[in-house]
Amino acid sequence: MINVAVLGYGTVGSGVYEVLVKNKESIAKRVGDEINVKYVLDLRDFPGDPVQEVLVHDFDTIVNDPEVDIVAEAMGGLEPAYTFAKKTLESGKSYCTSNKELVAKYGPELLELAKSKGKNFLFEASVGGGIPIIRPLNQSLTADELTEITGILNGTTNFILSKMAKEGSSFDAVLKEAQNLGYAERNPAADVEGYDACRKIAILSSLAYGCHVDFEDIYTEGITKITDIDFKYAKKLGLSIKLFGKSKKVDDKCYAMVAPFMIDSDNPLYSVNGVLNGILVKGDVIGDVMFYGAGAGKLPTASAVVADIVDEAKHLHTNIMTIWSNKKLALENLSTLKNKFFVRFDGSVDSKMSEVTKAFGDVKVVTVEGLDNEFAVITEVMTEAEFEAAAAKVNGVKSRIRVEA
Ligand code: NDP
Ligand code: HSE
């Protein structure tokens, strides 16, 4: 029998417990041994819930129990998660987590510690909820030089954007719905301001390029400035608006960013709606490969955590090698990165167009019936620096969204 402890009995932790109980037999067949949940740690009690039988409030009970082999964390936040992860690995147990904050900040250190102990630190659920993406990067795409990752990496914001586009719902109402469904972070600013997607693209890029991409170096823009009017233009243009986490390696240079993008229906990520996430990875051998599935939610995320528990149970005394060097990858300034831009202007087309053409050159003009005294254009492909310079020459720029070129 292999004993497991689950830290945190919230959305994800309760899902992990439920899956380990519900699929006990099939999981035992896959592992070749029974997985037993010996402890669940939480701050609260859960009267009437069977979990109460294994519930503890003191982490030391878990870390000091030599019968516990694997600790799965779903508490979130940096502390005490970091301390618990270190103590677990130092005590010779394996650790897995859905906590991207922890992984983005301490990934290389915890991987190194796990390796030195012949144990494992796994984090499949930290990116893309239930979608297998960490394991494929580590184990399946190893023949390739990976050059580019573009992902819809946050379920909450994709849920919000999809509902705003399809149903014209208000931002605040859909955010509330996402929170009720258990998709959002405890502080939803992490979702809507793009910080969660930023940590996820940092994790994926670090694994893909083999160096440490520091999330604090990544340019990050969320979805709070996207309005119902942007969706009116997008509908007219046949485009959808998605929050992308992107990174790209060009020779020795690496670019990374999080920002809303307008994309057309030829883009494979166009139809990724609701809480679903989609991740496109480009390799020099495989070409494009796409990963798609539920990016948040209790059971999909629990599926990924339990898969890590199974992997750790199958490798109780063997470290699964993960390449994520401590060496920091310096990110390039975005000023030379090229895109088209969707730009909204105050004023009428007649009164403004000569000024706009002078600054931006050839542009495609868009107007929407009922939107008086404003219009929009889509520029030709230009660098970020060229865009900033052109925008500074025109009065009345209301907003801009990048358009995937
Ligand atoms: P929840 O807030 O629903 O659950 C966290 C649980 O951990 C709560 O029950 C909380 O108790 C408990 N907890 C917090 N601190 C401690 C502590 N010091 N000791 C014991 N228990 C503690 O969060 P989620 O389940 O949604 O998320 C957990 C992690 O998984 C986060 O890192 C999140 O980013 C990540 N994740 C979440 C996904 C989702 O869809 N929800 C998907 C993928 C990853 P209390 O409520 O009393 O504070
Ligand atoms: N809040 C996150 C999201 C949870 O909405 O994607 C999954 O990481």
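Heads up: the structure comes first, above all this text.
Procedures and definitions
- Residues numbered from 1 in each chain as written.
- Chains lettered and ligands numbered in written order.
- Predicted model: local features only at pLDDT ≥ 70, side-chain atom pairs only at ≥ 80, totals over all residues.
- Heavy atoms only, no water.
- Helix = DSSP H or I, 4+ residues; strand = E, 2+ residues; numbered from the N terminus.
- Rg over C-alpha atoms; globule rule 2.2 N^0.38 Å.
- Buried < 20%, exposed > 50% of the residue type's maximum accessible area, 1.4 Å probe, protein only.
- Contact = heavy atoms within 4.5 Å.
- Areas by Shrake-Rupley, 256 points an atom, 1.4 Å probe, with all protein chains shown as cover.
- Arc of directions from axis to C-beta.
- Near = heavy atom within 4 Å.
- Polar contact = N/O pair within 3.5 Å; in protein donor to acceptor, adjacent residues only side chain to side chain.
- Nonpolar A, V, L, I, M, F, W, Y, C, P; charged D, E, K, R; others polar.
- Axes fitted to C-alpha atoms, helices over the stretch in contact; angles between N-to-C directions.
- Parallel < 35°, antiparallel > 145°, perpendicular 65-115°, else oblique.
- Left-handed = near helix turned anticlockwise from the far one by under 90°.

**Structural notes on the overall build of the protein**
Here is step 1 of the chain: For the protein, the helix and strand inventory stands at 14 helices and 17 strands.
Here is step 2 of the chain: For 405 residues, the compact-globule estimate of 2.2 N^0.38 gives 22 Å, and the C-alpha radius of gyration of the protein, at 23 Å, lies within 12% of that figure.
Here is step 3 of the chain: Each principal axis of the C-alpha atoms in the protein carries an extent, and together these give about 75 × 50 × 35 Å.
Here is step 4 of the chain: Looking at the protein residue by residue over its 405 residues, the buried ones come to 56%.
Here is step 5 of the chain: If you take every contact in the protein between residues at least 6 apart in sequence, the share linking residues at least 24 apart comes to 72%.
Here is step 6 of the chain: Accessible surface, the protein as shown: approximately 17,600 Å² in total, 49% of it carbon and sulfur.

**Comments concerning helix H8 (residues 171-180)**
Here is step 1 of the chain: Considered for burial, the residues of H8 that qualify are Phe-171, Val-174, Leu-175 and Ala-178. All buried residues of H8 fall inside an arc of 105° around its axis, so they share one side. Pointing more than 90 degrees away from the buried face of H8 are the exposed residues Asp-172, Lys-176 and Asn-180.
Here is step 2 of the chain: Contacts made by the buried residues of H8 are with helix H7 (155-167) and helix H9 (189-192).
Here is step 3 of the chain: Once H8 finishes, Gly-182 follows within two positions and takes phi at roughly 85°, a positive value.

**Structural notes on the site of ligand 1**
Here is step 1 of the chain: Looking at ligand 1, there are 23 residues lining it, with Asp-42, Ser-98, Lys-100, Glu-185 and Gly-297 nearest.
Here is step 2 of the chain: Between ligand 1 and Gly-297, the relevant distance is 2.6 Å, taken from an oxygen atom to a main-chain nitrogen or oxygen of the residue.
Here is step 3 of the chain: Coverage of ligand 1 by the protein chains reaches 84% of its 900 Å² of free accessible surface.
Here is step 4 of the chain: For the shell around ligand 1, the residue count by class is nine nonpolar, nine polar and five charged.

**A short note on unusual backbone geometry**
Peptide bonds are mostly trans, and most non-glycine residues show a negative phi.
Here is step 1 of the chain: The omega torsion across Glu-79 and Pro-80 is 10°, close enough to zero to call that bond cis.
Here is step 2 of the chain: A positive phi angle, near 60°, is found at Asn-373, a position not held by glycine.
Here is step 3 of the chain: Tracing the sequence through the fold places Asn-373 in the loop between strand E14 (363-366) and strand E15 (374-379).
Here is step 4 of the chain: By relative accessible area, which is 57% here, Asn-373 ends up exposed.

**A short note on the packing of helix H5 (residues 100-116) against helix H10 (residues 195-209)**
Here is step 1 of the chain: Put simply, H5 and H10 touch, their axes get as near as 9 Å, and they point 45° apart. Our classification of the angle between H5 and H10 gives oblique. The two elements H5 and H10 cross, and the hand of that crossing is left-handed. Counted together, Lys-100, Glu-101, Val-103 and Ala-104 of H5 and Asp-196, Arg-199, Lys-200 and Ile-203 of H10 form the full contact between these two elements.
Here is step 2 of the chain: Tallied by class, residues from the contact of H5 with H10 come to three nonpolar, no polar and five charged.

**Looking at the site of ligand 2**
Here is step 1 of the chain: Within the structure, ligand 2 sits among Lys-100, Asn-154, Gly-155, Thr-156, Tyr-183, Ala-184, Glu-185, Asp-191, Asp-196, Lys-200, Gly-295 and Ala-296.
Here is step 2 of the chain: Between ligand 2 and Lys-100, the relevant distance is 2.6 Å, taken from an oxygen atom to a side-chain nitrogen or oxygen of the residue.
Here is step 3 of the chain: Interatomic distance of 3.4 Å between a side-chain N/O atom of Asn-154 and an oxygen atom of ligand 2.
Here is step 4 of the chain: The protein chains hide 93% of the 250 Å² of surface that ligand 2 would expose on its own.
Here is step 5 of the chain: Among the secondary structure elements, those contributing two or more residues to the shell around ligand 2 are H7 and H10.
Here is step 6 of the chain: Residue composition of the shell around ligand 2, by class: three nonpolar, four polar and five charged.

Keep in mind these numbers describe shape, not what the thing actually does.
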